[in-house]
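Listed here are the chains, written in short residue letters.
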Amino acid sequence: MKSWESYVRKVVPYTPGEQPKKTKMIKLNTNENPYPPAPGVERVIKDFDVDRLRLYPDPAVSALVNELAAYHGLKPEQVFVGVGSDDVLAMCFLTFFNSEKPILFPDITYSFYDVWADMLRIPYETKPLDADFNISIEDYMTENGGVIFPNPNAPTGVELGQREIETLLKYNSNVIVIVDEAYVDFGAETALPLLEKYDNLIVVRTFSKSRSMAGSRIGYAMASEKIIKYLNDVKYSFNSYTMDQLSIAVGVESVKDNGYFEETLHKIIATRERTKEALAGLGFSFRDSKSNFIFATHESCPAKELFEALKKEDIYVRYFAKPRIDNYLRITIGTDEEMDRFLEFVRRYLGR
Ligand code: PMP
């Protein structure tokens, strides 16, 4: 090993879901939205004045911050925008998780949390979900340096109730509690109303799932003015211009079109409910998902075998070779047609 290598920040990076370079495939592996972004987004891209790219974008991302604040009934000072919620969450870890005490998150959850903690040398402890994949809130009522969990959780899709979230916030009033609401729009209850009462709460959202804009990389955090100020201080000490001109413009346009947003959500929820019925009929079991995916296990068919068989047919779902969940598949909800083709293959494969 070269001597400089002992000074390298060594990390084990996060492994994102596959993005196969195929034109004909059914892609149900990274929780993307099967429907296009709001029609206005295409218009904004077509009309975009390329000359604007000469100039740096607005470092405060004010246009999008203002639009989101109005949409959620908050002050602009309560909104922080970043390059996908991954960027926002990483900034939150960097800004708020600086205690000697461990931060806490579930053992089965978004697998980026431990990567950020390791990268930033933040001590952490994972708390086991119960046998039905529920978060046991008592586990989070111990001394800690902060708490983070997705609601609904990923990859399980299971929602934690508002009463329990409030209990957690009350107990953990001396640390920051982050509720990662990447999937909340698909039918779960948001923790946003709790912002009025708890100044230690951060709610994080993304445009990647419910707004069909994973490719634009837009995420945001909502919290007290004080929290957002601390986040911005760290952001401006890192990289002032995180969001590009075009992303800001398309982000604004997406938020303006609430009708299209709701319509798309309803379609996905209806398809999810239909898919649940079909999967149950084929011998799968799963918790009630409030997200745009179903985390399912089969009574006799090993998940890994089915995952490989699907892949051979160019149907991509997500498989995690991890303790407790290595017999599950996370199946993103696509269009009705995509889900029919997926189910048809599974039916044939299982000989039903
Ligand atoms: N949180 C959770 C729970 C997720 O599943 C994802 C998607 N990988 C993210 C955050 C990050 O999404 P994005 O960076 O695309 O906003």
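Values in this document were obtained by computation on a predicted structure and should not be read as measured data. (Residues numbered from 1 in each chain as written. Predicted model: local features only at pLDDT ≥ 70, side-chain atom pairs only at ≥ 80, totals over all residues. Heavy atoms only, no water.)

A. Here's a closer look at the packing of helix α2 (residues 62-72) against helix α7 (residues 245-256). Axis separation between α2 and α7 bottoms out at 9 Å; the angle between their running directions is 15 degrees. Of the possible angle classes, the one that applies to α2 and α7 is roughly parallel. In this structure, the crossing between α2 and α7 has a hand that is left-handed. The segment α2 lies against α7, with A63, L64, E67, L68 and Y71 engaging I248, G251, V252, V255 and K256. (Axes fitted to C-alpha atoms, helices over the stretch in contact; angles between N-to-C directions. Helix = DSSP H or I, 4+ residues; strand = E, 2+ residues; numbered from the N terminus. Parallel < 35°, antiparallel > 145°, perpendicular 65-115°, else oblique. Left-handed = near helix turned anticlockwise from the far one by under 90°. Contact = heavy atoms within 4.5 Å.)

B. Spotlight on the environment of I148. Looking at the secondary structure, you find I148 in strand β5 (residues 146-150). Exposure remark for I148: the relative accessible area of 0% places this residue in the buried category. Distance from I148 to I202, taken between C-alpha atoms, is 9.4 Å for residues 54 residues apart in sequence. I148 has contacts with L89, F93, F97, L104, F105, P106, Y113 and I178, leaving out every residue within four places of it along the chain. (Buried < 20%, exposed > 50% of the residue type's maximum accessible area, 1.4 Å probe, protein only.)

C. Broad picture of the sheet that holds strand β13 (residues 329-332). Overall, antiparallel pairing links the four strands, which are arranged β9-β10-β13-β12 in an open sheet. A single partner strand is all that each edge strand has here, and the edge strands are β9 (284-286) and β12 (318-319). In the sheet, β9 pairs with strand β10 (residues 293-298) via three bridges, with the strands oriented antiparallel. Across the sheet, the residue bridging to S285 is T297, located in β10. (Pairing = 2+ DSSP bridges.)

D. Layout of the nonpolar core. Counting 84 residues, the largest nonpolar core has L64, V81 and F342 as the members making the most contacts within it. Residues lining this core come from more than one domain, with at least three contributed by each of domain 1 (15-37 + 259-350) and domain 2 (39-257). Other than its neighbours up to four places away in sequence, L64 contacts V81, F207, I218, M243, I248, G251, V252 and V255. Counting 28 residues, the second-largest nonpolar core is a separate cluster that includes A90, Y113, I148 and V204. (Core = buried A, V, L, I, M, F, W, Y, C linked by side-chain atoms within 4.5 Å. Domains from an automatic or database assignment.)

E. Region of the structure containing the domain arrangement of the protein. Along its sequence, the protein is carved into domain 1 (15-37 + 259-350) and domain 2 (39-257). Centre-to-centre separation of domain 1 and domain 2, based on C-alpha positions: 25 Å. Taken together, the 29 residues of domain 1 in the interface contact 34 residues of domain 2. If you look at where domain 1 meets domain 2, you find two salt bridges. Linking domain 1 to domain 2 there are 15 residue pairs in polar contact (both at pLDDT 80 or more). Elements represented by at least two residues in the side of domain 1 that touches domain 2 include exactly α8 (258-281) and β10. If you tally residues by element for the side of domain 1 that touches domain 2, the top one is α8, at eight residues. (Salt bridge = Lys/Arg side-chain N within 4 Å of Asp/Glu carboxyl O. Polar contact = N/O pair within 3.5 Å; in protein donor to acceptor, adjacent residues only side chain to side chain.)

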